[in-house]
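Take a look at the letters that make up each chain.
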Amino acid sequence: EAGVAQSPRYKIIEKRQSVAFWCNPISGHATLYWYQQILGQGPKLLIQFQNNGVVDDSQLPKDRFSAERLKGVDSTLKIQPAKLEDSAVYLCASSLIWRGAIDTQYFGPGTRLTVL
Amino acid sequence: AQSVTQLDSQVPVFEEAPVELRCNYSSSVSVYLFWYVQYPNQGLQLLLKYLSGSTLVKGINGFEAEFNKSQTSFHLRKPSVHISDTAEYFCAVRKNRDDKNIFGKGTRLHILP
């Protein structure tokens with residue numbers, strides 16, 4: 001079974017530029033998560049999708065971050081414009097189900113973003 | 001609000017020695033607890049989870065953790081570590097089934113030869 005795929009693995013941009021990350025979850029997984037992991041900290045949930053609907057985006061900085069999950073499969077996370085403090089690893093995860101169960105989240109390898 | 005404290009940012013331990021990674025949480029209600037491992041340049045992988053029932057939880061790779069409600073702790077243990085256990089370990093708490101995971105800052109485990 002293929003795992004969660006993310007691209008690119010690394011990205012270096014200058015502040016005020018835009019960047020987009022892509023995630024392909026495990027086939028059949030209804031729930032998709034985007035996390036931000038700043039160096040020295042644990043992952044912080046940015047947004048959670050159930051199929052193609054958003055169920056939690058309370059910690060997403062909506063003035064500069066956006067995410068979509070078209071057709072309930074792949075997802076993209078965009079930052080526009082980027083700030084220095086956005087330097088982090090962006091992790092995508094997926095799980096089979098969400099409501100009514102504690103389901104295992106499977107994580108991708110992450111995209112390491114450096115903002116100069 | 002919930003929070004998770006991992007008291008040690010780094011833990012060095014000799015190969016084949018036992019190890020304990022500490023995790024404390026703050027919550028006024030019952031919670032679900034998790035330990036994840038992150039190997040270098042990889043995503044997180046679930047080691048074990050406590051949902052209910054027995055307070056001693058066994059996970060993959062020989063790890064186990066004990067839920068202590070009175071001390072609000074969920075420490076991770078392994079009786080004999082291997083060089084392959086070199087990784088960062090994250091403790092996480094969730095208030096209810098539909099809530100998000102709150103992660104600690106992580107503990108980096110260094111295995112010394």
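What you see is a predicted model, and the numbers here were worked out from it, not measured in a lab. (Residues numbered from 1 in each chain as written. Chains lettered and ligands numbered in written order. Predicted model: local features only at pLDDT ≥ 70, side-chain atom pairs only at ≥ 80, totals over all residues. Heavy atoms only, no water.)

### A look at empty space enclosed by the protein
We apply this condition: Detection works on a 1 Å grid of protein atoms alone, calling trapped sets that fit a 1.4 Å probe cavities and calling open sets with protein on both sides within 12 Å along at least five of seven lines pockets, with lining residues defined by an atom within 4 Å of a point. Grid points are joined across faces, edges and corners, and a volume is the space filled by probe spheres set on the points. Here a strand is any run of E in DSSP of at least two residues, a helix any run of H or I of at least four, and the numbering for each starts at the N terminus. Each residue gets one label: Ala, Val, Leu, Ile, Met, Phe, Trp, Tyr, Cys and Pro are nonpolar, Asp, Glu, Lys and Arg are charged, and the others, such as Gly, are polar.
Evaluated as defined, the whole model comprises one cavity of 30 Å³ or more. The volume enclosed by the largest cavity comes to roughly 50 Å³. Looking at the largest cavity, it is lined by 10 residues, and the ones nearest its centre are A:Y33, A:Q48, A:Q105, B:D99 and B:K100. For the lining of the largest cavity, the elements supplying multiple residues, two or more each, are β4 (31–37) and β5 (44–50) of chain A. Looking at the lining of the largest cavity, its residues break down into four nonpolar, three polar and three charged.

### Some thoughts on the sheet that holds strand β7 (residues 65–68) of chain A
Residues and elements named next belong to chain A. Our working rule: Here, strands pair whenever DSSP counts at least two bridges between them. With axes taken as lines fitted to C-alpha atoms, and helix axes fitted only over the stretch in contact, angles between N-to-C directions fall between 0 and 180 degrees.
Strand order across the open sheet formed by four strands is β1-β3-β8-β7, with antiparallel pairing between neighbours. Of all the strands in the sheet, just β1 (5–7) and β7 have a single pairing partner and so form its edges. Averaged over neighbouring strand pairs, the angle between their axes works out to 15 degrees when direction is ignored. Examined bridge by bridge, strand β3 (residues 19–24) and strand β8 (residues 75–79) share five bridges and lie antiparallel to one another. From the neighbouring strand, C23 faces β8, where its bridge partner is S75.

### Some details on the pairing of strand β2 (residues 10–14) of chain B
Put simply, side chains in a regular strand alternate between the two faces of the sheet. All names here are of chain B. For clarity, the cut-off: Relative accessibility under 20% of the residue-type maximum defines a buried residue, over 50% an exposed one, and the middle range a partly exposed one, all with a 1.4 Å probe and only protein chains included.
Here β2 shows a buried face lined by V11 and V13 and an unburied face lined by Q10, P12 and F14. Across five bridges, β2 lies against strand β12 (residues 107–112) in parallel orientation. Paired with V11 across the bridge in β12 is L109.

### What to know about the interface of chain B and chain A
For clarity, the cut-off: Any two residues whose heavy atoms approach within 4.5 Å are treated as being in contact. Salt bridges, as used here, are contacts in which a Lys or Arg side-chain nitrogen is within 4 Å of a carboxyl oxygen on Asp or Glu. Polar contact is the term for a pair of N or O atoms within 3.5 Å; when the atoms are in protein, one must be able to donate a hydrogen and the other to accept it, and sequence-neighboring residues count only if both atoms are side-chain atoms.
Across the contact, 20 residues belong to chain B and 24 residues belong to chain A. In this assembly, chain B and chain A are joined by one salt bridge. Linking chain B to chain A there are four residue pairs in polar contact (both at pLDDT 80 or more). Residue assignment for the side of chain B that touches chain A shows that the elements contributing at least two residues are β5 (32–38), β6 (44–50) and β10 (87–94) of chain B. In terms of residue count, β5(B) provides more of the side of chain B that touches chain A than any other element does, four residues in total. Of the residues contributing to the side of chain B that touches chain A, the split by class is eight nonpolar, six polar and six charged.

### Digging into the layout of surface pockets
Space left empty within the atom packing is revealed by a probe, the size of a water molecule, rolled over the atoms. Approximately 620 Å³ is the volume attributed to the largest pocket. Lining the largest pocket are 34 residues, with A:L39, A:R112, B:Q38, B:E88 and B:R108 sitting closest to its centre. At the level of elements, β9 (88–95) and β11 (111–115) of chain A together with β10 and β12 of chain B are the ones that each hand at least two residues to the lining of the largest pocket. In terms of residue count, β11(A) provides more of the lining of the largest pocket than any other element does, four residues in total. Counted by class, the lining of the largest pocket contains 12 nonpolar, 16 polar and six charged residues. Volume-wise, the second largest pocket comes out at about 260 Å³. A:G42, A:P43, A:K44, B:I102 and B:F103 are the residues nearest the centre of the second largest pocket, which is lined by 17 residues in total. Of all the secondary structure elements, the ones that give two or more residues to the lining of the second largest pocket are β5 of chain A together with β1 (3–5) and β11 (102–103) of chain B. Here the residues of the lining of the second largest pocket sort into six nonpolar, eight polar and three charged.

### Focus on the environment of B:V57
All names here are of chain B. Assignment of secondary structure puts V57 in strand β7 (residues 56–58). Considered as a pair, V57 and Q6 are 51 residues apart in the sequence and their alpha carbons are 18 Å apart. Leave out the neighbours within four places in its chain, and V57 touches L48, K49, Y50, F63, E64, A65 and F74.

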